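Below, each chain spelled out in residue letters.
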2 protein chains.
Amino acid sequence: MRTGIEVEEARRLVLDGVAPLPAETVATVDALGRVLAAPVASGRTLPPADCSAMDGWALRAADLASASRAAPRRLRAAFEVPAGGRAPRPLRPGEAARIFTGAALPPGADSVVMQEDAVAEGAEVAFVAAPARGEHVRLAGEDVRAGDEVLAAGTKLGPAQLGVLASLGRSVVRVHRRPHVAILSGGDELVEPDEDVAGGRIVASNAYSLAAQCAEAGALATNLGIARDTREELERGLAAGLGADLLVSSAGVSVGDHDHVRPVLEKLGCRLVFWGVAMKPGFPLTFGRFDDGRGPLVFGLPGNPVSAMVTFELFVRPVLLRLGGQRVLTRPVLRAVLGETLRKNPGRLHFVRVTLAREGERFVAKSTGNQSSGVLRSMALAQGLLVFPAAASELAQGATAEVIVLDADVLAAPEPA
Amino acid sequence: MRTGIEVEEARRLVLDGVAPLPAETVATVDALGRVLAAPVASGRTLPPADCSAMDGWALRAADLASASRAAPRRLRAAFEVPAGGRAPRPLRPGEAARIFTGAALPPGADSVVMQEDAVAEGAEVAFVAAPARGEHVRLAGEDVRAGDEVLAAGTKLGPAQLGVLASLGRSVVRVHRRPHVAILSGGDELVEPDEDVAGGRIVASNAYSLAAQCAEAGALATNLGIARDTREELERGLAAGLGADLLVSSAGVSVGDHDHVRPVLEKLGCRLVFWGVAMKPGFPLTFGRFDDGRGPLVFGLPGNPVSAMVTFELFVRPVLLRLGGQRVLTRPVLRAVLGETLRKNPGRLHFVRVTLAREGERFVAKSTGNQSSGVLRSMALAQGLLVFPAAASELAQGATAEVIVLDADVLAAPEPA
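Residues numbered from 1 in each chain as written. Chains lettered and ligands numbered in written order. Predicted model: local features only at pLDDT ≥ 70, side-chain atom pairs only at ≥ 80, totals over all residues.

Enquirer: I keep staring at the overall build of chain A and nothing clicks. Help me out?
Expert: Helix and strand content of chain A: 7 helices and 29 strands. Relative to a compact globule of 417 residues, whose C-alpha radius of gyration would be 22 Å, chain A shows 31 Å and is clearly more extended. Summarising its shape, the C-alpha atoms of chain A cover approximately 95 × 50 × 40 Å along the three principal directions. Within chain A, buried positions represent 52% of all 417 residues. Contacts in chain A between residues at least 24 apart in sequence constitute 71% of all its contacts with a sequence separation of at least 6. (Helix = DSSP H or I, 4+ residues; strand = E, 2+ residues; numbered from the N terminus. Rg over C-alpha atoms; globule rule 2.2 N^0.38 Å. Buried ≥ 20, exposed ≤ 12 C-beta atoms within 10 Å, placed from the backbone. Contact = placed C-beta atoms within 7 Å.)

Enquirer: Which parts of the structure should I look at to understand the relation of the copies chain B and chain A?
Expert: One copy of the chain maps onto the other through a rotation about an axis plus a displacement along that axis. Superposing chain B onto chain A takes a rotation of 180° combined with a translation of 0.0 Å along the rotation axis, leaving an RMSD of 0.1 Å. When the rotation and shift are considered jointly, the pair of chain copies conforms to a two-fold rotation axis. Relative to the rotation axis, the C-alpha of Ala408(B) is the closest in chain B, positioned 4.2 Å from it. (Least-squares fit on C-alpha atoms with pLDDT ≥ 70 in both.)

Enquirer: Even after reading the chapter, I still don't get the interface of chain B and chain A, so can you show me in this structure?
Expert: Each partner contributes residues to the interface: chain B has 87 residues there, and chain A has 87 residues. Those elements that place two or more of their residues in the side of chain B that touches chain A are α1 (7–15), β12 (149–151), α2 (159–167), β16 (202–203), α3 (206–216), α6 (305–323) and α7 (376–381) of chain B. Of the residues forming the side of chain B that touches chain A, the biggest block, 8 residues, is contributed by α2(B). Split by residue class, the side of chain B that touches chain A holds 44 nonpolar, 25 polar and 18 charged. (Nonpolar A, V, L, I, M, F, W, Y, C, P; charged D, E, K, R; others polar.)

Enquirer: Just to check I follow, could you spell out the domain arrangement of chain A for this structure?
Expert: The extent of an interface is frequently quoted as the accessible surface area lost upon association of the parts. Under the domain assignment used here, chain A contains domain 1 (2–21 + 178–323), domain 2 (31–46 + 144–176), domain 3 (51–138) and domain 4 (333–411). Look at where the C-alpha atoms of domain 1 of chain A and domain 2 of chain A centre, and you get two points 36 Å apart. (Domains from an automatic or database assignment.)

Enquirer: Whenever I open this one, the sheet that holds strand β5 (residues 56–59) of chain B confuses me. Can you help?
Expert: Remark on secondary structure: sheet strands pair via backbone hydrogen bonds, oriented parallel or antiparallel. Residues and elements named next belong to chain B. One open sheet holds the 6 strands; their spatial order is β8-β5-β7-β6-β10-β9, and the pairing between them is mixed. Of all the strands in the sheet, just β8 (111–114) and β9 (118–121) have a single pairing partner and so form its edges. For this sheet, the mean inter-axis angle between neighbouring strands, taken without regard to orientation, is 40°. (Pairing = 2+ DSSP bridges. Axes fitted to C-alpha atoms, helices over the stretch in contact; angles between N-to-C directions.)

Enquirer: Any chance you could explain the sheet that holds strand β22 (residues 297–300) of chain A here in plain terms?
Expert: All names here are of chain A. With mixed pairing, the 7 strands of this open sheet are ordered in space as β1-β19-β21-β22-β18-β14-β17. Looking at strand neighbours, the two that pair on one side only are β1 (2–5) and β17 (220–227), the edges of this open sheet. Taking the axes of each pair of neighbouring strands and ignoring which way they run, one obtains an average angle of 20° across the sheet. Sheet analysis places strand β14 (residues 180–186) next to strand β18 (residues 246–249), joined by 4 bridges and oriented parallel. Each residue of the ladder has a partner; that of Val181, found in β18, is Leu246. Across the sheet, helix α1 (residues 7–15) touches β1, β19 (271–277) and β21 (286–289), and the angle it forms with β19 is around 155°.

Enquirer: Sorry, what's going on with helix α4 (residues 231–239) of chain A here?
Expert: Taken as a whole, α4(A) has its buried residues at Leu234(A), Gly237(A) and Leu238(A). Angular distribution of buried residues about the axis of α4(A) spans 95°; they occupy a single face of the element. (Arc of directions from axis to C-beta.)

Enquirer: Help me understand the nonpolar core in this model?
Expert: Counting residues in each nonpolar core, the largest one holds 196 residues, and the members touching the most others are Ile183(A) and Ile183(B). Setting aside chain neighbours within four positions, we find Ile183(A) in contact with Ala207(A), Leu210(A), Ala211(A), Ala221(A), Thr222(A), Asn223(A), Leu224(A) and Val248(A). (Core = buried A, V, L, I, M, F, W, Y, C linked by C-beta atoms within 7 Å.)

Enquirer: Looking at this structure, how should I read the confidence of the model for chain A?
Expert: Reading fine detail from the predicted coordinates is not recommended where pLDDT is low. Here chain A averages 92 in pLDDT, while 97% of its residues score no lower than 70. Scored as a complex, the prediction yields pTM 0.92 and ipTM 0.92. (pLDDT = per-residue confidence, 0-100.)

Enquirer: Explain the packing of helix α2 (residues 159–167) of chain A against α3(B) to me, please; I cannot follow it from the model alone.
Expert: What describes two packed helices is the angle between their axes and the distance between those same axes. Interhelical geometry of α2(A) versus α3(B) gives an angle of 155° and a closest axis separation of 7 Å. Taken together, the axes of α2(A) and α3(B) are roughly antiparallel relative to one another. The handedness of the crossing between α2(A) and α3(B) is right-handed. Note on element contacts: α3(B) touches α2(A) through Asn206(B), Tyr208(B), Ser209(B), Ala212(B), Gln213(B) and Glu216(B), opposite Pro159(A), Ala160(A), Leu162(A), Gly163(A) and Ala166(A). Classifying every residue of the contact of α2(A) with α3(B) by side-chain character gives 6 nonpolar, 4 polar and 1 charged. (Parallel < 35°, antiparallel > 145°, perpendicular 65-115°, else oblique. Left-handed = near helix turned anticlockwise from the far one by under 90°.)

Enquirer: What's the story with α3(B) in this structure? I'm lost.
Expert: Helical periodicity: at 3.6 residues per turn, an α-helix aligns residues three or four positions apart in one direction. Judged by how many residues are buried, α3(B) sits mostly within the fold: 9 of 11 residues are covered. Within the span of α3(B), buried status applies to Asn206(B), Ala207(B), Tyr208(B), Ser209(B), Leu210(B), Ala211(B), Ala212(B), Gln213(B) and Cys214(B). As for α3(B), its buried residues are in contact with α2 of chain A together with β14 (180–186), β17 (220–227), β18 (246–249) and α6 of chain B. Directly beyond the C-terminal end of α3(B), a positive phi value near 85° is found at Gly218(B).

Enquirer: Help me understand the pairing of strand β26 (residues 362–367) of chain A, please; the structure alone is not making it clear to me.
Expert: Both faces of the sheet carry side chains from a regular strand, because those side chains alternate between them. Residues and elements named next belong to chain A. Pairing of strand β23 (residues 333–338) with β26, which is carried by 2 bridges, proceeds in the parallel orientation. Within the sheet, the bridge partner assigned to Val337 lies in β26 and is Val364. When strand β25 (residues 349–359) meets β26, the two strands line up antiparallel, connected through 6 bridges. Following the sheet pairing, Leu356 is matched in β26 by Ala365. Linkage of β25 to β26, two consecutive antiparallel strands, is achieved through a turn of 2 residues, within which Gly360 is found at a positive phi near 65°.

Following this line, the structure appears as structure tokens:
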């Protein structure tokens with residue numbers, strides 16, 4: 001097992017060999033945000049026939065060749081084509097058919113004139129200009145032809161993709177399964193949110209913030225509850241999560257006597273890959289895996305609330321996204337101007353919780369205050385994580401630094417005036 | 001009723017008087033993405049007492065004043081403070097107590113030395129350096145004090161906020177109600193996805209793409225189904241949606257004889273505010289409201305799939321976000337370089353569906369192809385909507401234009417090398 005590795009190396013190790021989960025079949029209406037596990041080919045041609053893009057009159061463009069405002073051309077109003085219905089017969093030269101958006105052109109017609117550009121006069125219709133041939137006609141297959149690949153494997157299903165699937169009559173769809181995550185909290189001092197905190201007990205709140213981080217990454221989280229800090233309880237708790245795709249423990253945060261997590265994981269058959277990443281917050285991170293896929297990927301996260309969230313963000317989130325089939329595993333990163341001078345001891349890479357304020361074209365980053373890894377409130381205020389390089393000891397006010405954007409609302413355009 | 005208004009004016013009219021919906025009480029675990037309707041004050045002080053931030057030894061800093069590597073100072077190992085438990089008695093001068101992360105400091109102790117910096121020697125512990133007073137101690141109330149406002153009204157609940165609520169023992173929370181949207185499809189040619197499309201029928205796919213757009217905006221959509229294009233069926237269908245917060249119809253797309261939607265809305269008591277917005281796709285958009293809040297906000301969207309999605313994006317989405325209590329109603333907008341020359345007739349503002357490719361520091365926008373508003377595939381490929389100003393007729397390759405970013409993945413940082 002390696003220890004004290006760099007952040008990028010840790011990221012490489014956790015993603016090593018991670019591939020999208022197998023496919024499952026789900027209802028298209030429930031597939032928002034999921035990723036296609038197989039390409040979708042169309043069984044239909046859309047539009048199925050040449051059809052009108054407007055409410056108006058279907059006709060032959062050649063019949064209006066001489067039409068002008070000075071000398072309108074009149075055609076016989078022959079029949080009406082109902083939307084979703086068929087023309088009773090082909091259109092003859094000198095005739096126009098009333099037609100509505102989406103209705104199939106009658107045989108013989110080649111163009112549509114918008115109703116605003118025509119005047120019905122009893123059994124006739126007057127036109128003052130000739131349309132271009134094919135005007136306001138949507139050609140058969142303009143959207144899709146039967147057999148075309150319409151959506152590629154790996155496509156993320158948003159509203160437009162779901163609309164396309166519906167239009168093809170695909171009411172079920174093959175998507176990558178969502179990752180299942182089991183979350184275990186470990187510690188003698190922990191209680192559930194509805195329990196008494198007298199005597200220095202604290203709520204196992206990590207299970208709640210981590211479950212929400214799982215949900216945002218498209219995963220399904222199971223809260224295994226709290227294990228007391230004995231080998232037996234931890235083994236029972238961790239064993240209960242071995243059926244998941246990913247097992248997250250926020251017990252045994254440090255190197256203390258009470259850190260039973262690592263030996264218990266090894267007893268369960270987990271191969272520990274690394275312990276400790278050169279970062280702050282979050283050094284005491286453990287990662288392990290079961291050989292040949294015989295168990296979940298295992299993350300032993302630090303117990304401090306901020307450390308748990310930051311290490312989840314950097315290492316667990318990209319794994320969950322890739323398991324779900326997503327191709328984009330990163331957040332937006334912007335270069336922000338420091339609104340105040342930041343200092344630290346050189347050595348470890350720091351992720352500083354910052355707010356981001358838009359000032360004209362640039363963003364100004366300021367610390368959310370107390371950067372103690374126990375202070376979850378500072379994480380609740382954070383819109384980004386500022387990357388304070390390992391070797392640096394000072395980032396001066398007015399200098400720039402990279403910030404990982406946690407709150408996408410930061411990037412939204414200012415309201416129109 | 002006004003007609004042919006500009007996009008910004010339409011946006012102002014639809015948002016006029018829209019306020020967040022009333023509060024409801026929901027389980028905190030189900031509140032991800034919701035917005036607080038009332039501030040949350042803490043009933044607890046966290047940490048509840050001065051406690052250790054490390055596994056190590058609690059002691060008095062003054063006892064180690066003279067400690068050095070050359071002359072280590074030894075303290076008596078007095079007792080152990082269990083995590084979540086209490087010290088059996090105060091710490092006396094010359095003593096150190098074994099302590100674990102999160103445990104309350106024994107009375108008398110003021111500092112913690114990490115266990116890595118101490119050597120246990122039987123009944124004694126040797127230290128080679130003096131800590132700063134207060135080192136590795138989290139002070140009572142460092143995170144939050146009882147009575148503090150912890151989260152302000154209007155706060156969006158992300159993972160960190162849910163963790164904070166859990167840590168305060170708040171298992172339920174007051175949030176703005178989610179908007180309810182009723183969606184009616186209208187047209188004789190429409191069928192459901194599992195029905196036969198023979199004879200020029202088409203699937204009412206708008207109900208599916210619009211419902212997904214509702215879900216992305218935090219709203220709950222009800223699909224009212226398909227109404228045939230008669231006054232009676234439309235009235236029955238629209239009346240079924242009057243209990244919603246927002247009623248969306250994608251029937252009666254144009255000004256045709258079959259456009260019964262507007263008179264039916266007026267008969268139901270809806271006051272039409274405008275019809276027609278100077279944009280493409282999407283001109284034939286109707287907006288109405290019921291006076292004194294006696295009914296839903298009503299949007300009559302164009303029937304063409306792309307027009308329906310684009311008008312939803314520009315006008316319905318911000319309304320839903322504000323109803324749900326969100327403060328940010330816009331998408332990110334970036335200035336992209338045109339990868340090809342775009343042309344149109346001057347007059348209307350166009351929203352061109354484009355892909356966005358990152359090239360170094362800039363984004364290059366290219367049309368997704370056929371911009372016919374019937375071609376939903378082009379919307380499925382679109383990562384953004386390029387704003388082609390009304391008066392312009394050409395945007396030359398290499399020029400820049402504003403693009404509304406629909407797919408936030410576009411903004412993600414490139415993968416680390």
